[in-house]
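Here are the chains, one letter per residue:
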Amino acid sequence: MLPSTPVYEIYAVKYAGPFIRPLAKVLWNTDWEKEIEINYYIWVVKGKDEILIVDCGVSPSLAQEMGLQGYMNPVHVLKGIGIEASQVKKVVITHIHFDHTNGIELFPKATFYVQEKEFNFWIKDPVAKKPPFLRLSAPDRNANLANLEGTGRLVIIKGDQAILPGIELLLAPGHTPGLQVVAVNTAKGTAIVGSDCAHIFRNYEEEIPSTFITDMVAWMKTYDKLKSKVSSINLLFPGHDLKMATHYPKVAEGITRLV
Ligand SMILES: [Zn+2]
């Protein structure tokens, strides 16, 4: 990045959890007898003049329907660092799983950025209605996103694309067909909000994805791509690791500064 490129901070916003999961689900086929705790997050990328939200979490109505443990409305959590969700202008949707996409209504003035491959799969491809996919993203959950098509509030991204100076979306398939991550210029160099490309830091450290994977070969190529882009491996952030809430400076209730 050029020296004049804006520098951003990245915050993890925990909105649900902790949840206990079999380790083998989160770290592909590893240690079937062990368990691990995870959280649900969205992220804030904050510059001098810009706020970008990455993913939009789950709406209060779905959280109640699911009995989502430890749920806090992301709208309330974001107020902790002075962000009014109703005024947010830009939201990146990393992928169309309910825990990352359902809360679109929480950001009524935002424009949403989603990869064309991801949108076309989950919204239009009949395969997305097969049982394993339905578990993660029932079509009725995606109606609020589908309804934005053709309006100015949905920007379809094709591959790698800079959306602001110092912020680039990277196509990163594997977990889903068109997952995208957000590469961000920070004080420590290029960091990546990787969302569910990996669930936990160990996926990257050990080069083993979670079991929630639609294409293992694509995942391996994606990981090589992200490693070549990020300034250091500990600036590559996963989607659900408990450590994002416990091992970084806490700046407000449910919010930590990752970099
Ligand atoms: Zn996911």
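Analysis parameters
Residues numbered from 1 in each chain as written. Predicted model: local features only at pLDDT ≥ 70, side-chain atom pairs only at ≥ 80, totals over all residues. Heavy atoms only, no water. Phe/Tyr/Trp six-rings, centres within 6.5 Å; stacked < 30°, edge-to-face > 60°. Helix = DSSP H or I, 4+ residues; strand = E, 2+ residues; numbered from the N terminus. Buried < 20%, exposed > 50% of the residue type's maximum accessible area, 1.4 Å probe, protein only. Donors = N, O, S within 2.8 Å, 3.2 Å for Na, K, Ca; no water. Tetrahedral: all angles 85-135°; square planar, octahedral: opposite > 155°, others 65-115°. Pairing = 2+ DSSP bridges.

Caption draft 1: Structural view of the packing of aromatic side chains. Scanning the entire structure with this criterion turns up 12 aromatic pairs. Taking 4.6 Å as the distance between ring centres and 40° as the angle between the ring planes, the aromatic pair formed by Phe19 and Tyr40 counts as tilted. Of this pair, Phe19 sits in strand β1 (residues 9-22) while Tyr40 is found in strand β2 (residues 35-46), placing the two residues 21 residues apart along the sequence. For the pair shown, Phe19 and Tyr40 are each scored as buried.

Caption draft 2: Just the coordination of the zinc ion, in detail. The protein atoms donating to the zinc ion are His95 (NE2), His97 (ND1), His175 (NE2) and Asp196 (OD), with metal-donor distances spanning 2.2 to 2.3 Å. Around the zinc ion sit 4 donor atoms, and with donor-metal-donor angles ranging over 87 to 165° the site reads as irregular. Sequence positions of the donors to the zinc ion reduce to the motif H-x1-H-x77-H-x20-D. One end of the pair, His95, is in the loop between β4 (90-92) and α4 (98-101); the other, Asp196, is in the loop between β10 (189-193) and α8 (201-206), with 101 residues separating them in the sequence. Asp196 shares its class with His95; the two are buried.

Caption draft 3: Quick peek at the pairing of strand β9 (residues 180-186). The buried count for β9 comes to 7 of 7 residues, which makes it a mostly enclosed element. Two strands pair when backbone bridges link them, and strand β8 (residues 167-171) and β9 are joined in this way by 5 bridges, in the antiparallel orientation. Following the sheet pairing, Glu168 is matched in β9 by Ala183. Here β9 pairs with β10 via 5 bridges, running antiparallel.

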